[in-house]
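Secondary and tertiary structure notes
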Amino acid sequence: MSDKDRLIIFDTTLRDGEQSPGATMNQEEKLRIAKALERLRVDVIEAGFAIASPGDFNSIKSISETIKDSRICSLARAADADIDRAAEALKSANAPRIHTFIATSPIHMKYKLRMEPDQVLERAVAAVKRARNLVDDVEFSCEDAGRSELDFMCRIIEAAIDAGASTINIPDTVGYALPHQFGELISQLLNRIPNADKAVFSVHCHNDLGLAVANSSAAVMAGARQVECTINGLGERAGNASLEELVMTVATRHDAFPVYTNIKTEEIVPCSRLVSTITGFPVQPNKAIVGANAFAHEAGIHQDGVLKHRETYEIMRAEKVGWAANRMVLGKHSGRAAFADRLDSLGVKFETKEALNVAFAKFKELADKKHEIFDEDLHALVSDTHRTSGVHIKLVDLSVSSIMGETPKAEISLHVEDKEHSAEAKGSGPVDATFKAIEEIMHSGTKLLLYSVNAITSGTDSQGEVTVRLEKNGRVVNGSGADTDIVIASAKAYLDALTLILANPKKAHPQNEGV
Ligand code: KIV
Ligand code: ZN
C-alpha cells in the first residue's frame, strides 16, 4: 500500500482523555504515558492544551523535550494567546503541531460564541495563519462539525486550507452522528471543497451513543486518513473512539479497509494497563481487545472449538495485542540495577538517587509479600511512589478489626502538614470504618462518588488496586492506591484523592470561551 493509504493515528489520551471527570494526571504520569504511546508508534500525540494551566504547559514542554519518534501536538482555541502559548510549549519538539479549533454549528456559534458565521470564518483564518507562522504543521478543527451546515463547513475549511492548515479535523463533538451519515459527510466535504487534496482529513468522534468507533470507521471508508482516539476510549463524557478498537478493526478487517496503520499492536495491552493504573479508570472485563475477558472462552463448546482449531472462535490472536502468557519480570532476589533497568524500559526515570532508593525499598517490601512481580505491579508501585512524594498527608499506621458479628473498627494515624493525628471510627465494613477514621482527622467536606477494587494481576497474592473518586464544589478527582492488603490500598487511594482535591488546581476547559 502507498503512503496515501496510511491511516494516521492521533492519540488524545493526554488531552481529551484527561477531560474525563477525575482523570487528572500529573506531569510525570503524562510523560510515562507519552513514552508508552511512542513505544506503540502512535503518529501524533496530543500532549495537552497549553494555555489551560502551568501544569499542562509544562507537561507539553517535557513531552516535547523527550519524545522524538511521534509528532507532538498542543490544542489551542482560535485566539492569539492560546496559539502563542502552544508554540512556546512545543519549542523543543522534533515535529511540533498546533491544533486550533472553533465551533461551526449554528447552535454553538449563536449561544456559545455569540458570533456570526463570517466572524467565525475570519477568526479561523487568522488563527491558522498565526499558528502557521510559528510551526510548519497546523491542524484546524470545526468543533461540533457533526451538527454544522455543510455549505458553511465547505467555506471555512477551504479558507483554513488556503491559510496553511494541512490537517482538517471533523469532530462529532457531542457524539450525535450515525455511521452512514458521518461517512457521507466526509465524502461530501472531500468532493465539494476545491482544495481538499491539499490536506489530510481527520475525524474525532465522541461515544455518547456508543458509535464513536463505528462513525470513525465509516469516515475512513469515505476517505478520512487520520483518526483521533484515546487509549481505553477515555475522554470527555462517554469518551472518544478507542484506539485499540480502531487499530484492530483496521488490522483484522484489512480485507474491507483500504488503509494500514504503523501501530505496534503488541504494545496495546501494556499501554491500556498503564493508562488505567494512572487514571484510576478500570477497564471493564468485557471491553473489546483490552478487557480481561476479551480472549477468554467461557462456554465449553467454544473452548473445545478453540482447542481443535483456534480460528473457530478467535478472529485475532491475544499475543498480537500484547496479552503475553507470562509477564513475570522481577522477584525477591532482583537487585537495584535490575529494578532500575526494568523501570527504564517502561519509561520511568528517577530524578534523584534518593527517589530510586525509596521506590526500591517499596519494591523489596512488595517482593517479600508477593513472589512474582509483573510490569503492572511496577507501574502501580511507581505511581504510588511519585504521587505520595512531597504531599502533605501521609499514612503512618492503620489497624482494622473485622470480626464476624461485630461492627468493624479502624484506628488510623496520619501525618498532616508535619503533625501526627490519630483517630478511630466504626463503619459498616473495614473500608467504610477506615474512610470514616480518615474523615475524623481531615473533615474534608468531600463526597465519595466511586469506590472500586481490582486485582492488578491474577492470584490471591495479587496487589489490589483501588480507585476512589471524590467530589468537592463540582470538582471531581480520582485517587488510586495499590497494596497486597486491600484496606491499606483503600486508605492510600482515599488519601491520594484528598491530596489532589485539596491542591485545587485551576484549569481552563478548551470548550469554554475566554482565556
Ligand atoms: O470534541 C471536540 O470537538 C474536541 C475538539 C477540541 C477537537 O475535542
Ligand atoms: Zn473531543
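Before reading further, recall that the structure is shown in the block above.
The sections below set out a description of the structure shown in this document.

Turning our attention to the coordination of the zinc ion (ligand 2). Taken together, the protein donors to the zinc ion (ligand 2) comprise D16 (OD), H204 (NE2) and H206 (NE2), at separations of 2.0 to 2.1 Å. Read N to C, the donor residues that coordinate the zinc ion (ligand 2) are spaced as D-x187-H-x1-H. What makes H206 buried here is its relative accessible area of 3%.

A pair of packed helices is captured by two measures, namely the crossing angle of their axes and the spacing between those axes. Where helix α5 (residues 117-134) contacts helix α6 (residues 150-163), the two axes come as close as 8 Å, and the packing angle between them is 25°. Taken together, α5 and α6 sit at an angle that is classed as roughly parallel. As α5 runs across α6, the sense of the crossing is right-handed. Here α5 contributes P117, D118, V120, L121, A124, V125, V128, K129 and R132 to the contact with α6, which in turn contributes F152, R155, I156, A159, A160 and A163. For the contact of α5 with α6, the class distribution of residues is 11 nonpolar, no polar and 4 charged.

In this section: the site of ligand 1. Contacts to ligand 1 come from R15, D16, H99, F101, S141, E143, P171, T173, H204, H206 and Q511. The separation between an oxygen atom of ligand 1 and a polar side-chain atom of D16 is 3.0 Å. Here an oxygen atom of ligand 1 and a side-chain polar atom of H206 are 3.0 Å apart. A total of 260 Å² of accessible area belongs to ligand 1 in isolation, and the protein chains cover 100% of it. A molecule is said to occupy a pocket when more than half its atoms come within 2 Å of that pocket's grid points, and by this definition ligand 1 occupies the largest cavity. Taken together, the elements giving at least two residues each to the shell around ligand 1 come down to β4 (96-103) and β5 (137-143). Classifying every residue of the shell around ligand 1 by side-chain character gives 2 nonpolar, 6 polar and 3 charged.

Turning our attention to α6. In a regular helix each residue adds 1.5 Å, so 14 residues correspond to 20 Å; α6 covers 20 Å between its end C-alpha atoms and thus fits that length. Three or more residues of α6 are buried, namely F152, M153, C154, I156, I157, A159, A160, I161 and A163. Looking at the residues trailing α6, positive phi occurs at G164, about 125°.

What follows deals with the environment of T100. Along the chain, T100 turns up in strand β4. By relative accessible area, which is 0% here, T100 ends up buried. Remark: the alpha-carbon pair of T100 and A127, spanning 27 residues in sequence, is separated by 7.0 Å. Leave out the neighbours within four places in its chain, and T100 touches A76, R77, A78, I83, A127, V128, V138, E139, F140 and S141. Reaching out from T100, the side chain makes a polar contact with the backbone oxygen of A76 at a distance of 3.2 Å. Of note is the side chain of T100, whose polar atom sits 3.4 Å from the backbone oxygen of R77.

Closest axis-to-axis distance for the helix α1 (residues 27-39)/helix α10 (residues 268-279) pair is 10 Å, and the angle between their directions is 170°. Overall, the two elements α1 and α10 adopt an arrangement that is roughly antiparallel. Facing E29, R32, I33, A36 and L37 of α1, the residues of α10 in contact are C271, L274, V275 and I278. Across the contact of α1 with α10, the residue classes break down as 7 nonpolar, no polar and 2 charged.

Moving on, we get to the sheet that holds strand β11 (residues 393-401). Pairing is antiparallel across the open sheet formed by 3 strands, whose spatial order is β11-β12-β13. Here the strands that pair on one side only, and so sit at the sheet edges, are β11 and β13 (419-426). In this sheet, neighbouring strand axes are inclined to one another by 15° on average, regardless of whether the strands run parallel or antiparallel. Here 8 bridges tie strand β12 (residues 409-416) to β13, and the two strands are oriented antiparallel to one another. Considered in β13, the bridge of K409 is made with K426.

Further remarks concern the environment of E28. As for its placement among the helices and strands, E28 is situated in helix α1. Separated by 321 residues in the primary sequence, E28 and K349 place their C-alpha atoms 9.5 Å from one another.

Before going further, it helps to examine the pattern of salt bridges. Note on pairing: side chains with opposite charge can pair once their charged atoms come close. Tallying each qualifying case throughout the model produces 33 salt bridges. Between K332 and D368 there is a salt bridge, with the nearest N and O atoms lying 3.2 Å from each other. Highlighted residues: K332 in the loop between β9 (328-331) and α12 (336-345) and D368 in helix α13 (residues 353-369), separated in sequence by 36 residues. Between D375 and R342 there is a salt bridge, and its shortest N-O distance comes to 2.8 Å. With D375 in helix α14 (residues 375-388) and R342 in helix α12, this residue pair connects regions lying 33 residues apart in the sequence. A relative accessible area of 5% means that D375 is categorised as buried. The partly exposed category is assigned to R342, whose relative accessible area is 27%.

Turning our attention to the sheet that holds strand β15 (residues 464-472). Strand order in the open sheet made by the 3 strands is β14-β15-β16, with antiparallel pairing throughout. Each edge of the open sheet carries a strand with a single partner, namely β14 (447-455) and β16 (475-483). Along the sheet, successive strands turn relative to each other by an average axial angle of 15°, direction set aside. Where β15 meets β16, 9 bridges bridge the pair, whose relative direction is antiparallel. Counted as the bridge partner of L470 is V477 from β16.

Each value, and the rule that gives it
Residues numbered from 1 in each chain as written. Chains lettered and ligands numbered in written order. Predicted model: local features only at pLDDT ≥ 70, side-chain atom pairs only at ≥ 80, totals over all residues. Heavy atoms only, no water. Donors = N, O, S within 2.8 Å, 3.2 Å for Na, K, Ca; no water. Buried < 20%, exposed > 50% of the residue type's maximum accessible area, 1.4 Å probe, protein only. Axes fitted to C-alpha atoms, helices over the stretch in contact; angles between N-to-C directions. Helix = DSSP H or I, 4+ residues; strand = E, 2+ residues; numbered from the N terminus. Parallel < 35°, antiparallel > 145°, perpendicular 65-115°, else oblique. Left-handed = near helix turned anticlockwise from the far one by under 90°. Contact = heavy atoms within 4.5 Å. Nonpolar A, V, L, I, M, F, W, Y, C, P; charged D, E, K, R; others polar. Near = heavy atom within 4 Å. Polar contact = N/O pair within 3.5 Å; in protein donor to acceptor, adjacent residues only side chain to side chain. Areas by Shrake-Rupley, 256 points an atom, 1.4 Å probe, with all protein chains shown as cover. 1 Å grid on protein atoms, 1.4 Å probe; cavity = no way out; pocket = protein on both sides within 12 Å on 5 of 7 lines; lining within 4 Å. Sits in = over half its atoms within 2 Å of the grid points. Expected span 1.5 Å × (residues − 1). Pairing = 2+ DSSP bridges. Salt bridge = Lys/Arg side-chain N within 4 Å of Asp/Glu carboxyl O.

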